[in-house]
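Given next are the chains, with one letter for each unit.
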Amino acid sequence: MRGMTQPRTRRDVFRLAGFSAAGLALAACGVQGQKAAPPKADAVADYWAKQRKNGKVVFANWPEYMPEDKGPLEKFKQDTGIAYEYKEVIQENAEFFGKADPVLRAGQPLGYDIVVMTNGIQLQHMIELGYAVPLDHAKLPNFQANAGQKYKERAYDPGNKYTVPYTSGVTGIAYNTELVKEEITSIESLFDPKYKGKVGMMADAQEIANFGMIALGVDPEKSSEADWRKAGEKLKAQRDAGIVRKYYDQSYIDAVAKGDVYLTMAWSGDVFQRQLAGEPVKFVVPAEGGTIWTDNMLIPKGAANPVDALMLMDYLYQPAIAAELDEYIQYVTPVPAVQDLLREKAKTAKGEDKKALEDMVDSPLMFPSESDYAKLRNYTPLTTQQEQVFNPIFQSITQA
């Protein structure tokens, strides 16, 4: 994979909700009772009418989430004259929110014009507390023209009022094809006693909760407290039966590739990278369903350069720019036209580059099928009060 694209480690430090005790304390601090009223249309229009292009944008993102040569950002600078600062300062949603919350609550700017956050508890807090600037969709023509319809229908942000997707990924099952001779198709394989001590589960509470509920036929996005408790009981029984070897963070991918576990919950991008390296791992979306997560761009309250930020957000939705970005990131792009562009590029590529591009184009891990999308579920939306019930149910399993 030299010279064209390299395996990304986007999730090496990813904790979707960051459910450590410190993370919970930070996430809850100052949240309850401060929910902001939805902005009125006149107020949004008035805000944007007062903003001007300043010729600069500060972009806060996760590590290794932009080509090393900053190609898309350099092209943006050349095409618009807008300078950029790119900062890889987001390591974890809860940690980032914990630092941002007191600053934004005090009415101070973060110093960033764009931040990237995953759908989940912290993003929900950013929106509910009024920390995210409502977007002016009149300034997002590329998004309107090129974003896939699925990315304009996000339940966590209806109408993309505050966010537009940066990239997405899928949580499913990975298994070692040298050690598992059957074809894994069901989420129940993770609960099968014949794999006792050889199953990996994720330590993240929202991730494991989703799989517990999906195994029970419950849509997490529509779940109740009773559903959480039933899922907790199923997951606890799995643990107590000795089926789970370990509750993993990123290290699950090494465990399944080496055979420490035979099958495990997994993130699509990690598995695809190992497949490109020739390792014996396969990824499936269980027949019962899997999870889709999305990293989103938003403009934080008090941003110094919101017009420039909105221009950059929209710029990344040009198909050619989105293709360059996705070739590097290797997750699911919100721009469907990327697949055809990479297919055309593969026709003229040579050697290892050609094979890598062909693998990308054909991979359901980067371009899920319609049947895969139909099986994907979002995370459970939680109020602050609900968090205090939800979190302990699943933490008690993974931290025991």
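Before reading on, note that the structure itself is shown above.
Thresholds, definitions, all that
- Residues numbered from 1 in each chain as written.
- Predicted model: local features only at pLDDT ≥ 70, side-chain atom pairs only at ≥ 80, totals over all residues.
- Heavy atoms only, no water.
- Helix = DSSP H or I, 4+ residues; strand = E, 2+ residues; numbered from the N terminus.
- Buried < 20%, exposed > 50% of the residue type's maximum accessible area, 1.4 Å probe, protein only.
- Areas by Shrake-Rupley, 256 points an atom, 1.4 Å probe, with all protein chains shown as cover.
- Lys, Arg positive; Asp, Glu negative; His and termini not counted.
- Charge placed at Lys NZ, Arg CZ, Asp CG, Glu CD.
- Expected span 1.5 Å × (residues − 1).
- Arc of directions from axis to C-beta.
- Contact = heavy atoms within 4.5 Å.
- Core = buried A, V, L, I, M, F, W, Y, C linked by side-chain atoms within 4.5 Å.
- Salt bridge = Lys/Arg side-chain N within 4 Å of Asp/Glu carboxyl O.
- Axes fitted to C-alpha atoms, helices over the stretch in contact; angles between N-to-C directions.
- Parallel < 35°, antiparallel > 145°, perpendicular 65-115°, else oblique.
- Nonpolar A, V, L, I, M, F, W, Y, C, P; charged D, E, K, R; others polar.

Chemist: Any details on the overall build of the protein chain? Residues and values, ideally.
Modeler: Along the backbone of the protein chain there are 16 helices and ten strands. Taken across its 400 residues, the protein chain has 56% of its residues classed as buried. Surface summary for the protein chain: the accessible area is close to 16000 Å², and the carbon and sulfur share equals 50%. Here the protein chain contributes 46 positive and 53 negative side-chain charges, whose respective centroids are spaced 1 Å apart.

Chemist: Talk me through helix 8 (residues 225-240); I want residue IDs and the actual numbers.
Modeler: The end-to-end C-alpha distance of helix 8 is 22 Å, a good match for the 22 Å that 16 residues give at a rise of 1.5 Å each. Here helix 8 has its buried residues at D227, W228, A231, G232, L235 and Q238. The arc that holds every buried residue of helix 8, seen down its axis, measures 135 degrees, which confines them to one face. Of the exposed residues in helix 8, those oriented more than 90 degrees away from the buried face are K230 and E233. Among the structural elements, strand 5 (199-202), helix 7 (205-215), strand 6 (244-248) and helix 16 (384-398) are those in contact with the buried residues of helix 8. Looking at the residues trailing helix 8, positive phi occurs at G242, about 80 degrees.

Chemist: So what's going on with the nonpolar core? Which residues, and what values?
Modeler: By size, the foremost hydrophobic cluster in this structure holds 127 residues, and its most contacted members are F59, Y166, L190, M201, M297, I299 and F394. Considering each element in turn, this core owes the most residues, seven residues, to helix 7. Apart from the residues within four sequence positions on either side, M201 is in contact with L190, I208, L235, Q238, V244, K246, Y247, Y248, T264 and M265.

Chemist: An account of the pattern of salt bridges is needed here, citing residue identities and associated values.
Modeler: Tallied over the full model, the rule gives 21 salt bridges. Because the salt bridges share partners, they merge into one network encompassing K56, E85 and K87.

Chemist: Lay out the packing of helix 3 (residues 71-80) against helix 12 (residues 319-329) in plain terms, naming residues and giving numbers.
Modeler: For the pair helix 3 and helix 12, interaxial distance at closest approach is 9 Å and the crossing angle is 155 degrees. Relative to helix 12, the element helix 3 lies roughly antiparallel. For the pair helix 3 and helix 12, the contacting residues are G71, P72 and K75 in the first and I321, E324 and L325 in the second. Class assignment of the residues belonging to the contact of helix 3 with helix 12 gives a composition of three nonpolar, one polar and two charged.

Chemist: Before we move on, can you summarise helix 16 with the specific residues and values?
Modeler: Helix length check: helix 16 (15 residues) gives 21 Å between terminal C-alpha atoms against 21 Å at 1.5 Å per residue, within 8%. Within helix 16, the full set of buried residues consists of T384, E387, F390, N391, I393, F394, Q395, I397 and T398.

Chemist: Could you give me a rundown of unusual backbone geometry, with the residues and numbers involved?
Modeler: Unlike most non-glycine residues, K70 shows phi in positive territory, near 55 degrees. With a phi close to 50 degrees, N160 is a non-glycine residue in the positive phi region.

Chemist: Go over the environment of P72 with me, naming the residues and quoting the values.
Modeler: Within the secondary structure, P72 sits in helix 3. By relative accessible area, which is 0% here, P72 ends up buried. Here the alpha-carbon distance between P72 and Q91, two residues 19 residues apart in the chain, equals 22 Å. Apart from residues no more than four positions distant in its own chain, P72 is found in contact with M66, P67, Y315, L316, I321, E324 and L325.

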